Amino acid sequence: MILSGMRFHSPRTAEEAVQLLSDLKGARVLAGGTDLLVDLKQGLTDVKDVISLQDIEGLKGITKERNRIRIGATSTPQEILSSSLIRQYFPALTEAAQSMASIQIRTLATIAGNITSAVPSADFPPSLIAADAAVELLCTESSREVPLSGFFTGPRETVCRTKELLVSVFVPLPSSNTGISYQKCTLREANSLAVASVASRLTLKNGKTERAAIVLGAVAPTPVLASKASAHLQGKAPSSEVFEEAAAMAKEEGKPISDIRGSAWYRKELIHVLTRRSLSEAFERAQGKSRTKK
Amino acid sequence: MGQQREKNRIVVLRVNGEEHSVAVHDSETLLDVLRDKLRLTGTKKGCDLGVCGACTVLINGEPKNSCLLLAASCEGTEITTIEGVASGGELHSLQRAFINHGAIQCGFCTPGTVMSAVALVDRNPDPTDEEIKEALSGNLCRCTGYTRILEAVKNWKKYKTIKESPSPSYDLDKFKTVGRSSPRVDAAAKVSGQAKYTADYYFQNMLHGKILHSPIPHGVIKKIDTRKAEKLPGVKLVLTGKDVPDIMYGVSPARYDEYVLAKERVRYVGDEVAAVIAVDEKTAEEALNLINVEYEKLPSVFEPMEAMKKGAPQLHDRFKNNINTVVDHHFGDINKGLKEADFVREEEFVGNHVYQSPIEPHASIAYWENDGATLVLYSSTQVPHYVQYMVARVLDIPLGRIRIIRPHVGGGFGSKAGTTPLDLITSIASKKTGRPVKMVYSREEMFMFGRGRHKQHMKFKIGVKKDGKITAVQSRIYLDGGAYSSFGVVTAYYAGSMIPTLYHIPNYRYEGFRIMTNKPACGAMRGHGTPQPRFAFESLMSMIADDLGIDPVEIRLRNAMDPDTRTCNDLDVRSCEFKATIKEVRKKSGWNQKYGKLPPGKGIGIGCGGFVSGAGYAIYRGQVQRHSEKKPETFMKKAVFPHANAIVKISEDGTAVVLLIQAAEIGQGSSTVLSQICAETLGVSLHRIRIRTEDSDISPLDLGAYSSRTTLMGGNAVAMASKDILKKLFDMVSRIWSCSSQELEAKDNRISHKSDASRVIEWEEAARKYFNDQGPLVGTGWYKPPEGLGGDYKGAAVGTSPAFSYSSSVCECCVDLETGKVKLEKFTDYHDCGTPINPQAVHGQVEGAVVMGAGETLMEDVRYDKKGNILNPNLHDYLLMTIKDAPEIFSGIVDSYEPEGPYGAKEVGEGATLPILAAIAHAIADATGVWIKELPITPEKILKALKQKKS
């Protein structure tokens, strides 16, 4: 379908943007456009006013702010995968960015779009949730910080209100004995959505798992924390047996559907495998053995 | 423009260093503005959804999909398109590398791919293979298999200092031009974005059309109300079934069953119901929503096995039980053959519904010239002549009143081998409006129009002696045909007729049924009807080899076809180096060290195939004639008219050779190969040849790019026309030199006396003299397939050919035994294409076939919901392999000479697909211990089979 009837707004500040969001009924935020324009062209959604974020300097950049990293809303996957800061502290996020779509999309898309579109197979949320990330939402009256673990409410549904704008993603700096790994399975090597994905995080203390989080992607209406499997690891010494047990538990915690990319049965099998693999890698990283694959 | 309802604003775009003030509306994408307003048509629209990468441009040096960028958002940025890559009349070194390494075929993805590559080398001049693959993984290519694109980018720096790399040749002792890996004659135009495809043409006062498709799979149109649509400002014409001729069309003359627009019935979601012609595409699209159609829904049926049952919904009255075609072929004595066998194995296989997915969408533009007497039709087609024939039939005007123009075509693979609704609607609408009318399919419409590969349900039984020698082959195949006949009758015959060409089969029975279902019609795709049966047959051969403890390579050698053989179904094989292809792949791949000896998760497998070099008979039999004067055509075992015709015309100064032939260059390289044959025969350099294939007013009839016919048939016509020129020149020169013309030869741009070196004249001087004395120097040539091809049974014509190609392929893969995911590592392929005219072009065809074949084996499948809607009519969900999925490919050519072919050449285009499917299935079986007999072989199917095997 050929697009028509849209009005394009390009505010210079986040404040202007939220003012427009508040003033223009039904307006939508246009970050990278890789979801919104695709949906519009397929006739899946309709919009009168689009508010582009591209000219807002304040939404750009990846910086270290005290004990956390701030990723500006319009940071692209290409910027994220090129960021030495991210690579140093969150190699899993670097890898998630690398695994996304194609370079032509990675230079357009944004982290805010990847999060707020709330597509169940999105690549950033699992690792971010595992890393205890939070998002900053701004509206004309106020701003609030929401932990990403409580952000998603359903497929393409979040707690972000229509007049709110996601301005930043905050990721706390991990302790040196924390490791996160993101594993996904796709049907082709590029430009392909995850059939299932798993981000695992392990924080070690005295040879035992002090804190674990296994976050599943593409196997439920939202990214989900496999809480039983995560709890199972807690306080135990990491081993392939324990990982296997947790993986088997995670498999039962996913609530996948069958669709064109795979059946519910297959997705569950994948959760099992990907959980085990991501735990092994997270363990290595927590021990400081491996940083990034590339 | 959405007709005055949408305000324009002026934006200033900086494109390739130049500023353009353009009036755009806020919804317009950069892609549409570049193309429609700035006419920078080198940037292509392939999928319009950010997947194919054909629209890649650089924004401040970063590659981005221009289809996902609003033009309004690009102000203040530096935009670089393909037109801005070359500078000062000099191509970029990368572009030179693309030309010299054969990285270009249809060229439609080329500009986008070059843009991604430019962005890469700008920031990283020495990229690794992995970095190149990563950088180009957003550019889908359907032709090349990516092998040579990778090579080109790897070697790009070389071309900073050189323009051309010396092309290695096949057999330079004998030939000068033939056998040389010359760069494509159209490569420079394609790599620079200058090559125009149909949608790249714009005419003054042009209108745009869109089609209203049926939203239901089966029904009767009770009422159509177009009044609201007609009143929408900007709408010029609305057409429905009552406005189009009562003449049916299709592909196979015996089964014409489609109207331009539905007269009463609709039979699949996508069936053409109405068309709107308006001032722009958007207005036409809006008007479609204002057409009110009342349907009476009819029950529908989507599975062939269901469709054949009594009481199933009937699609067409004339096809009882929805059976469109029945084939019952029996050669030898199948019962006797099975009785003689020491071992018999029977297996069932299921294919998939594959769509050709050329990156260029179908497009047509029509207008009428000579005061409305002549139709000019631009069409993105493989078969300009058949389109001309079919439009003449439906419009009931003489063929001579139609001028068909086939611009560059961005891939076809069979999807553009028939006449489309776009061809017919633009022709009709431009007549009614008196204005040029352009229509282009969206990617979704391409899927709905269909004509992809038939999904086949196959049962194969093979009987062998203890030593593996075949005694009998029996198959029963149900082809899911979709709602109309299209090519399907022929497909059903091909599914059986090619099986006996590969091995000696003394007793053979094939029963085929093409069934109609409420889905898009299936047609001819690369290998027409044969890849799935070949997959089944080859898989079964490998299973039997394992059952008997015979090496799978060995069992093939024991049964392999020999030259100069008449097959059991009366096909005449002349040249045949099939055994050589098997032996070569065995050696080159290290088969003996690997088969059955690799660790779990790693596997190696073999597949073989063969195909026609051009169909022995044309699709329609009789003379060219119009609908109203059609008389019954009786089948004669000979070609009624030449299938390929060529005119060679020498420029008046003698320095240029203009080669005229309608042969459809669709990316496969026919224009290059035909130019080489022309140059070789004339004894002149290749660069002197200018080939003109596009315009039916200029170039004589050639049946087009289907059935892998162009090299052999077109090549013979070109060689004959070139010889005609030489005869005229030699006659003249021999008179001057008082010798016989037999004593003369033409070589290296000279004509000389074979035994008297002092007698020599420059070629152009001789040609100029000819013109001065006798007027235009023109040669003509033509090719008719040999008379009497094929047997005397019903359907014997299908599968006949002047020559057959052969090939073998070995696949090595790695399977993740926990997820079922397959990584193709390496392909080793040898092809018997006779003597190659252009080895690089042969390798390009093979590499492209490997990757396309691998995609259809592993991931491609058109899927439907329960209401007949396609679930994946886009390139997000219908998966074509990317450069990161493509395996390493070795392509080799065995020594062979085909006496019927020009300079001994025969086909490579389609045949190269045939071995691929089974080679992969076999390699997976070797890696995992499980055979997957249902395509595509997805990770899920592998994992399921592994789990079942365990339990």
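Residues numbered from 1 in each chain as written. Chains lettered and ligands numbered in written order. Predicted model: local features only at pLDDT ≥ 70, side-chain atom pairs only at ≥ 80, totals over all residues.

Caption draft 1: Spatial organisation of the overall build of chain A. A count of helical and extended segments in chain A gives 11 helices and 14 strands. The C-alpha radius of gyration of chain A comes to 19 Å, within 12% of the 19 Å expected for a compact globule of 294 residues. Residue pairs in contact within chain A that sit at least 24 positions apart in sequence constitute 65% of those at least 6 positions apart. (Helix = DSSP H or I, 4+ residues; strand = E, 2+ residues; numbered from the N terminus. Rg over C-alpha atoms; globule rule 2.2 N^0.38 Å. Contact = placed C-beta atoms within 7 Å.)

Caption draft 2: Looking closely at the nonpolar core. Counting 407 residues, the largest nonpolar core has B:Leu659, B:Ile920 and B:Ile924 as its most contacted members. Ranked by the residues each element gives to this core, the list is headed by helix H20 (residues 710-737) of chain B, at 13 residues. (Core = buried A, V, L, I, M, F, W, Y, C linked by C-beta atoms within 7 Å. Buried ≥ 20, exposed ≤ 12 C-beta atoms within 10 Å, placed from the backbone.)

Caption draft 3: View of the sheet that holds strand E12 (residues 194-205) of chain A. Residues and elements named next belong to chain A. Read across the open sheet, the four strands follow the order E11-E12-E13-E14; overall the sheet is antiparallel. Both edges of this open sheet fall to strand E11 (178-186) and strand E14 (224-225), since each of them pairs with a single strand only. In this fold helix H5 (residues 91-98) packs onto E11 and E12, with an angle of close to 15° to the strand it touches most, E11. (Pairing = 2+ DSSP bridges. Axes fitted to C-alpha atoms, helices over the stretch in contact; angles between N-to-C directions.)

Caption draft 4: Representation of the interface of chain B and chain A in the model. Each side of the interface is counted separately: chain B has 42 residues, and chain A has 35 residues. Contributions of two or more residues to the side of chain B that touches chain A are made by strand E4 (62-65), helix H8 (281-288) and helix H24 (939-950) of chain B. The biggest single contributor to the side of chain B that touches chain A is E4(B), with four residues. Across the side of chain B that touches chain A, the residue classes tally to 13 nonpolar, 14 polar and 15 charged. (Nonpolar A, V, L, I, M, F, W, Y, C, P; charged D, E, K, R; others polar.)

Caption draft 5: Representation of unusual backbone geometry within the structure. A cis geometry characterises the amide bond from B:Leu935 onward to B:Pro936, with omega recorded as -10°. Even without being glycine, A:Arg156 reaches a positive phi, approximately 60°. On the secondary structure map, A:Arg156 appears in the loop between strand E8 (152-154) and strand E9 (157-158). A positive phi is found at B:Asp564, a non-glycine position, where the angle reads about 50°.

These values are about where atoms sit, not about what they do.
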